[in-house]
Amino acid sequence: MPHSVSPDADSQNNVTEETMTDAPVQNGEDQATDGDIAMAETNAVPVATKVEDTKDVKLEELFADVDSDEEFPSSRPGVDKFSSSPAAAASPFEGAVAMKSSDPELLRIFYQRFFPWRYLFQWLNHSPTPTNDFAHREFAFTLQSDVYLRYQAFTSSDLLRKDVLRQLPTRFEIGPVYTTNPRERKTLRNSSAFKPLAKELCFDIDLTDYDDIRTCCDKANICNRCWQFITMAIKVVDVALREDFGFRHIMWVYSGRRGAHAWVCDKKARTMDDQKRRAIAGYLEVIRGGALSGKKVNARRPLHPHLSRSLEILAPHFQTDVLESQDPWSSSADHLLSLLPDKALNEGLRKKWDSSPGRASTSKWADIDALAKSGASKNLDTKALLEAKQDVVLEYTYPRLDIEVSKKLNHLLKSPFVVHPGTGRVCVPIDTRALDAFDPLGVPTAQGLLEEIDAWRPAEDGDEKEAKALQDWEKTSLRPYVEFFRSFVLALMKDERDPKVKRERDESEALEF
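Residues numbered from 1 in each chain as written. Predicted model: local features only at pLDDT ≥ 70, side-chain atom pairs only at ≥ 80, totals over all residues. Heavy atoms only, no water.

Draft legend 1. Spatial organisation of the packing of helix α2 (residues 117–125) against helix α4 (residues 157–167). Between α2 and α4, whose axes approach to 9 Å, the crossing angle comes to 125°. It follows that α2 is oblique to α4 by the angle criterion. Read as a crossing pair, α2 and α4 show a hand that is right-handed. Contacts from Trp117, Arg118, Leu120 and Phe121 in α2 reach Ser157, Leu160, Arg161 and Val164 in α4. Split by residue class, the contact of α2 with α4 holds 5 nonpolar, 1 polar and 2 charged. (Axes fitted to C-alpha atoms, helices over the stretch in contact; angles between N-to-C directions. Helix = DSSP H or I, 4+ residues; strand = E, 2+ residues; numbered from the N terminus. Parallel < 35°, antiparallel > 145°, perpendicular 65-115°, else oblique. Left-handed = near helix turned anticlockwise from the far one by under 90°. Contact = heavy atoms within 4.5 Å. Nonpolar A, V, L, I, M, F, W, Y, C, P; charged D, E, K, R; others polar.)

Here it is as structure tokens:
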């Protein structure tokens with residue numbers, strides 16, 4: 001399926017892997033550069049955890065969340081880790097006025113109890129054994145004071161987690177893997193030796209880029225009607241990346257307010273240089289020009305197979321989500337007329353629509369063919385009219401990408417599962433197998449998760465030990481999103497173990513465009 005997650009996710013139970021710790025052993029001396037939190041040397045050697053029979057250890061077992069939260073106890077006075085149990089004291093937040101999304105205490109509780117730190121580590125590390133893929137990865141924090149801290153780096157998920165809980169950033173972003181630990185960049189004798197090596201190929205789609213065609217909302221506001229533009233964009237970009245470029249591990253993430261991000265995680269995507277990234281971005285770019293420009297689509301004929309396929313995907317959405325739902329030409333169809341090639345036909349259409357003020361966009365779209373067939377224009381070029389109508393469909397439905405996000409290897413992008421400081425919504429991954437059912441307004445919020453965990457009670461006939469073993473996120477509406485993320489990471493790690501993928505660590509695989 002072109003829009004499904006990697007097929008390896010379904011075979012995850014057959015994967016075996018040697019168990020390793022997710023953090024290297026510190027080698028004695030801690031570093032503290034540029035006022036950064038002290039952390040282990042990146043060259044420390046990882047030590048394997050002893051297991052009785054490594055052949056029977058499954059990769060799924062590496063995802064067991066055994067990190068202790070005792071160093072950062074809950075900020076809720078008198079509430080133990082499982083505050084939702086019947087014996088727990090009442091939460092001080094129950095019945096209270098909702099907190100601000102960027103409230104430090106709210107963020108502390110969320111990042112301590114709900115954020116999937118271990119899975120984030122496995123995703124960026126590409127292995128259960130600590131590697132430089134994580135240790136040399138740049139993180140950037142936006143603090144409560146709006147201070148922006150770049151070049152943060154951590155050798156384990158636990159160190160990252162502790163620093164986030166210490167500084168409580170309103171958000172944090174993920175950058176590239178560098179040639180050395182980003183914290184040590186100033187110690188290099190040759191500054192040119194510090195350069196980015198790898199990063200996921202990313203795409204950013206924002207609904208503000210659709211303000212000239214969406215009629216229901218504008219600026220930062222969204223609703224389920226205009227969210228369909230994001231749904232269309234994901235479908236088109238996802239299938240192109242899979243079928244035209246052969247990428248398999250593509251994760252879409254809700255931005256928390258008005259857009260979506262794509263993370264292409266395949267090894268051959270991560271190691272692409274800027275030239276290749278620009279080539280792919282250019283391949284997918286069709287809409288050109290701002291809100292005040294005229295014709296935004298000038299596709300060459302015959303249409304490229306990618307555009308022909310895109311039209312097949314987008315045609316149903318154009319009818320229902322644009323013409324019927326957005327009704328873009330009900331008050332004025334001047335822009336539509338400017339996109340049609342025949343002057344005589346345009347004049348006939350203008351007279352018809354002027355005599356019927358408020359005529360629905362679905363009717364106006366049908367009028368084009370009806371009037372063309374009636375012979376209103378004696379010199380009508382039917383082929384040119386068809387091509388113009390195809391360009392109209394593309395202009396109103398084709399993905400509007402922020403291309404700059406995709407062009408540069410060193411571009412940073414907001415991490416999945418952070419809390420959007422404006423809406424309080426969690427930036428959850430989107431399961432493309434159920435893309436049409438995704439509701440951006442219904443995703444979990446930090447405040448809502450707090451209320452859910454307080455309301456949670458174990459099943460009366462359930463196993464008490466199993467209930468106590470549940471992670472807090474497993475007791476809330478965040479669970480399906482974390483489980484989806486887990487399956488995605490598992491499939492990615494399985495592919496990374498493949499001999500062919502391992503060879504790509506030494507030999508960059510060439511992409512042809």
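Draft legend 2. View of unusual backbone geometry. Note that the residue after arginine 301, namely proline 302, is joined by a cis bond; omega there is -5°. Of note, proline 302 is situated in the loop between α7 (274–284) and α8 (305–324). A positive phi is found at aspartate 146, a non-glycine position, where the angle reads about 70°. Counting through the fold element by element, aspartate 146 comes out in the loop between β1 (137–142) and β2 (148–152). Residue classification places aspartate 146 among the exposed positions, given a relative accessible area of 65%. (Buried < 20%, exposed > 50% of the residue type's maximum accessible area, 1.4 Å probe, protein only.)

Draft legend 3. A look at the packing of aromatic side chains. A full pass over the atoms with the stated rule returns 33 aromatic pairs. Ring geometry for tryptophan 123 and phenylalanine 485: centres 5.8 Å apart, planes at 75°, overall edge-to-face. Taken together, the residues span a long stretch of sequence, with tryptophan 123 in helix α2 and phenylalanine 485 in helix α16 (residues 479–496) at a distance of 362 residues. In this structure tryptophan 123 comes out as buried when scored by relative accessible area, which is 0%. Phenylalanine 485 sits in the buried class, given a relative accessible area of 0%. Here the aromatic rings of tryptophan 329 and tyrosine 396 are separated by 5.3 Å at their centres, their planes lie at 80°, and the arrangement is edge-to-face. Of this pair, tryptophan 329 sits in the loop between α8 and α9 (334–338) while tyrosine 396 is found in helix α12 (residues 382–397), placing the two residues 67 residues apart along the sequence. In this pair, the class of tryptophan 329 matches that of tyrosine 396, namely buried. Here the basic side chain of arginine 150 rests over the ring of tyrosine 151, its NZ or CZ set 4.5 Å away from the ring centre. (Phe/Tyr/Trp six-rings, centres within 6.5 Å; stacked < 30°, edge-to-face > 60°. Lys NZ or Arg CZ within 6 Å of the ring centre and 35° of its normal.)

Draft legend 4. Looking closely at the confidence of the model for the protein chain. Residues at a pLDDT of 70 or more form 77% of the protein chain, whose mean pLDDT is 83. Here residues 1–96 is modelled with pLDDT under 50, and outside its nearest four sequence neighbours on either side it reaches 213 contacts, counting other chains as well. (pLDDT = per-residue confidence, 0-100.)

Draft legend 5. The arrangement of empty space enclosed by the protein in detail. By the definition in use, this model includes 2 cavities of 30 Å³ or more. Approximately 40 Å³ is the volume found for the second largest cavity. Taken together, His126, Asp133, Arg137, Val177, Ala198, Lys199, Lys267 and Arg270 make up the full set of residues lining the second largest cavity. When grouped by side-chain class, the residues that make up the lining of the second largest cavity number 2 nonpolar, 1 polar and 5 charged. (1 Å grid on protein atoms, 1.4 Å probe; cavity = no way out; pocket = protein on both sides within 12 Å on 5 of 7 lines; lining within 4 Å. Points joined across faces, edges and corners; volume = space filled by probe spheres on them.)

Draft legend 6. Main features of helix α10 (residues 343–354). Under the 1.5 Å per step criterion, the end-to-end length of α10 is 16 Å for 12 residues, consistent within 8% with the ideal 16 Å. Among all positions of α10, only Leu345, Asn346, Leu349 and Trp353 are buried. Taken down its axis, α10 places every buried residue within 100° of arc, on the same side. Every exposed residue of α10 that faces more than 90 degrees away from the buried side is listed here: Lys343, Lys351 and Asp354. Summarising the contacts, the buried residues of α10 are in contact with α9, α11 (361–373) and α12. (Expected span 1.5 Å × (residues − 1). Arc of directions from axis to C-beta.)

Draft legend 7. Fine view of the nonpolar core. Judged by nonpolar contacts, the single largest core of 123 residues is most densely connected at Tyr111, Trp123, Phe172, Leu241 and Phe247. Tallying contributions element by element places helix α5 (residues 227–243) first for this core, with 11 residues. For tryptophan 123, the contacting residues outside a window of four places in its chain are Ile174, Met251, Trp263, Cys265, Pro416, Phe485, Phe488, Val489 and Leu492. (Core = buried A, V, L, I, M, F, W, Y, C linked by side-chain atoms within 4.5 Å.)

Draft legend 8. Structural context of the pairing of strand β5 (residues 201–206). A large share of β5 lies buried, amounting to 6 of its 6 residues. As paired elements, β5 and strand β7 (residues 259–264) share 6 bridges and run antiparallel to each other. Paired with aspartate 206 across the two strands is glycine 259, which belongs to β7. (Pairing = 2+ DSSP bridges.)

Draft legend 9. Expanded view of the sheet that holds strand β6 (residues 250–254). Here we have 4 strands laid out as an open sheet, ordered β5-β7-β6-β9, and antiparallel in their pairing. Edge strands, defined here as strands with exactly one partner in the open sheet, are β5 and β9 (429–430). In this sheet, β9 lies alongside β6 in antiparallel orientation, the contact comprising 2 bridges. For valine 253, the partnering residue across the bridge sits in β9 and is proline 429. Contacts from α5 reach β5, β6, β7 and β9 within the one sheet, and its direction differs from that of β6 by about 165°.

Draft legend 10. Summary view of α11. Helix length check: α11, at 13 residues, gives a terminal C-alpha distance of 19 Å against a target of 18 Å (1.5 Å per residue), a fit within 8%. Of the positions making up α11, those classed as buried are Ser361, Lys364, Trp365, Asp367, Ile368, Leu371 and Ala372.

Draft legend 11. Summary view of the packing of helix α1 (residues 104–113) against helix α14 (residues 446–455). The interhelical angle for the contact between α1 and α14, taken along N-to-C directions, is 65°, at an axis separation of 10 Å. Here α14 runs roughly perpendicular to α1, going by the angle between their axes. Regarding α1 and α14, the two cross each other, and that crossing is left-handed. In contact with Leu106, Ile109, Phe110 and Arg113 of α1, α14 contributes Ala446, Gln447, Leu449, Leu450 and Ile453.

Draft legend 12. Local environment of the pairing of β6. With 5 of 5 residues buried, β6 lies mostly within the body of the structure. Where β6 meets β7, 5 bridges bridge the pair, whose relative direction is antiparallel. The partner of tyrosine 254 across the bridge, within β7, is alanine 260. What sits between β6 and β7 in their antiparallel hairpin is a turn of 4 residues, with glycine 256 showing a positive phi close to 100°.

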